[in-house]
Amino acid sequence: MKRRQFIAAGSTVGALGLTGALAGPAAAQAQQFSIATGTTGGVYYPLGGAMGNILSKKVPGWAVTAEATAGSVANMHMIRDGKAQMALTQCDTAYDAIKGLDKFKDKPVESRTLCVVYPNLVHFVTMEGTGINKLSDIKGKRISTSSPVSGSEVMALRIMDELGLKVADIKRERLSPAESTNAMKDGKLDGYFFNGGPPVAAITDLAATQGVKMKLLPNGELVPALNKKYGPVFAESKIKGKSYPGVDADVAVIAIWNILIVPASMKDEQAYTIVKTVWENHPDLLATHKAVTDMTPENQKQANSSVPFHPGAMKFFAEKGIKLS
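To keep things clear, this report deals only with the structure shown in the data block. (Residues numbered from 1 in each chain as written. Predicted model: local features only at pLDDT ≥ 70, side-chain atom pairs only at ≥ 80, totals over all residues. Heavy atoms only, no water.)

Here we take up the nonpolar core. One finds Val117, Met214, Ile254 and Phe317 to be the most contacted residues of the largest nonpolar core, which totals 100 residues. When near neighbours in sequence (up to four residues on either side) are disregarded, Phe317 contacts Leu114, Cys115, Val275, Trp279, Gln300, Phe309, Ile322 and Leu324. (Core = buried A, V, L, I, M, F, W, Y, C linked by side-chain atoms within 4.5 Å. Buried < 20%, exposed > 50% of the residue type's maximum accessible area, 1.4 Å probe, protein only. Contact = heavy atoms within 4.5 Å.)

All right, on to the pairing of strand β4 (residues 62-67) then. As defined by bridge partners, strand β3 (residues 31-36) adjoins β4 across 6 bridges and the pair is classed as parallel. For Ser34, the partnering residue across the bridge sits in β4 and is Thr65. Running through helix α1 (residues 44-58), the crossover from β3 to the neighbouring parallel element β4 is right-handed. (Pairing = 2+ DSSP bridges. Helix = DSSP H or I, 4+ residues; strand = E, 2+ residues; numbered from the N terminus. Right-handed = clockwise from strand over helix to strand, strands pointing away.)

This model, assessed by the stated rule, comprises 7 aromatic pairs. Relative to Phe193, the ring of Phe124 lies with its centre 4.8 Å away and its plane at 65 degrees, an arrangement referred to as edge-to-face. Of this pair, Phe124 sits in strand β6 (residues 111-127) while Phe193 sits in strand β9 (residues 191-196), and the two are 69 residues apart along the sequence. No difference in accessibility class separates Phe124 from Phe193, as the two residues are buried. Consider the rings of Trp279 and Phe317, whose centres lie 5.3 Å apart with planes at 85 degrees: the pair is edge-to-face. Taken together, the positions of Trp279 in helix α8 (residues 268-280) and Phe317 in helix α10 (residues 311-319) put the pair 38 residues apart, joining distant regions of the chain. The same class applies to Trp279 as to Phe317, namely buried. Among the aromatic residues, those joined into a cluster by ring pairs are Tyr272, Trp279, Phe309, Phe316 and Phe317. The cationic tip of Arg158 hangs over the ring face of Tyr230; the distance from NZ or CZ to the ring centre is 4.0 Å. Seen from the ring of Tyr272, Lys315 lies directly overhead, with NZ or CZ sitting 4.9 Å from the centre. (Phe/Tyr/Trp six-rings, centres within 6.5 Å; stacked < 30°, edge-to-face > 60°. Lys NZ or Arg CZ within 6 Å of the ring centre and 35° of its normal.)

With that settled, consider the side chain of Asn219. Here Asn219 is to be found in the loop between β10 (214-216) and α7 (223-230). In this structure the side chain of Asn219 is engaged in a polar contact, spanning 3.0 Å, whose partner is the backbone oxygen of Val122. Not counting residues up to four positions away in its chain, the partners in contact with Asn219 are Val122, Leu135, Ala252, Val253 and Ile254. (Polar contact = N/O pair within 3.5 Å; in protein donor to acceptor, adjacent residues only side chain to side chain.)

It is worth spelling out the layout of surface pockets at this point. Taken as a whole, the largest pocket spans an internal volume of roughly 310 Å³. Along the wall of the largest pocket there are 14 residues; nearest its centre are Leu121, Pro198, Lys238, Lys240 and Asp294. Secondary structure elements with two or more residues in the lining of the largest pocket: β6 and β11 (235-239). Tallied by class, the residues present in the lining of the largest pocket amount to 6 nonpolar, 4 polar and 4 charged. Roughly 160 Å³ of internal volume is contained in the second largest pocket. Lining the second largest pocket are Cys91, Tyr95, Pro232, Val233, Phe234, Ala235, Trp257, Gln302, Ala303, Asn304, Ser305 and Ser306. (1 Å grid on protein atoms, 1.4 Å probe; cavity = no way out; pocket = protein on both sides within 12 Å on 5 of 7 lines; lining within 4 Å. Points joined across faces, edges and corners; volume = space filled by probe spheres on them. Nonpolar A, V, L, I, M, F, W, Y, C, P; charged D, E, K, R; others polar.)

To continue, consider the packing of helix α2 (residues 72-80) against helix α3 (residues 91-99). Two quantities define a packed helix pair, namely the angle between the axes and the distance from one axis to the other. Closest axis-to-axis distance for the α2/α3 pair is 9 Å, and the angle between their directions is 40 degrees. In terms of orientation, α2 lies oblique with respect to α3. Two packed elements cross with a definite hand, and for α2 against α3 that hand is right-handed. Here Ser72, Val73 and Met76 of α2 lie close against α3, whose contacting residues are Thr93, Ala94 and Ala97. Classifying every residue of the contact of α2 with α3 gives 4 nonpolar, 2 polar and no charged. (Axes fitted to C-alpha atoms, helices over the stretch in contact; angles between N-to-C directions. Parallel < 35°, antiparallel > 145°, perpendicular 65-115°, else oblique. Left-handed = near helix turned anticlockwise from the far one by under 90°.)

What follows covers unusual backbone geometry. Residue Pro199 is bonded to the preceding Pro198 through a cis peptide linkage, with omega at 0 degrees. Take Pro199: it is sitting in the loop between β9 and α6 (201-207). Positive phi, normally seen in glycine, also occurs at Asp102, with a value near 50 degrees. Summarising the element assignment, Asp102 is placed in the loop between α3 and β6. Unusually for a residue other than glycine, Asp106 sits at a positive phi of about 70 degrees.

So yeah, pure geometry; function would need other evidence.
Right, dumping it as structure tokens:
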């Protein structure tokens, strides 16, 4: 997709906010901006598209487009570089970004949270016949660690490191979930990592393929060690049985909260309008993907977000009587 910058009154303005946002006739003039999402086979892209549609329809003069990206890491880079004005991201990636760690070493991203959306669950997808029955079995196998500069790739490499495995220990591919599913159907891949809110469309596609017996491997036991090494950004959860065709039992996995973030410099009025509009149209988001069932008042906690809440969001939640601490 073509990337767009804010346009107001016929001239390009900064990517961080609306000049005189939401006040008077000028607020109704054409203003275009983008929300960085993820790959088309995941959850971020359709969910970001739904958010864009809601904001475009409900806020006079706004045109918000969802941009397909590689995922969380790329999204934080886009926020930092002024190439997106909103982004969906995993809170572990956001933690690295705001602290200037790992992929963001010496280049921190000044961002703020608008709301906690839903938890990403760490999927490791394989099939019967690959010889992979536990995560350590991936050694020597054809494995996708997910798309480059994605949060899923970061998670995959951290899991491998915790298992004592190096990239050289696998035959590595770096594919999107849709590409991974197609490669597995063609017998060119043994398994892949992807973080998403069940059901992930590409994983459902594989599970529903005739002649395929898909398996999801547990990884939740790694949470304590990962939190000790990378910060308190992971939790234990389950992919519930029957989330995917043929997978009837619960699978214990790592959970990582997803947050909707904006640049720290975004004007309070604009941030307030975004979170208010998205929040009050939650049924439309739920119709797009049931992962946002978890976008509840109870989950709007600083403990679920590695990034401070934006003052505009804090104002909205205070009005709703929702306590963030």
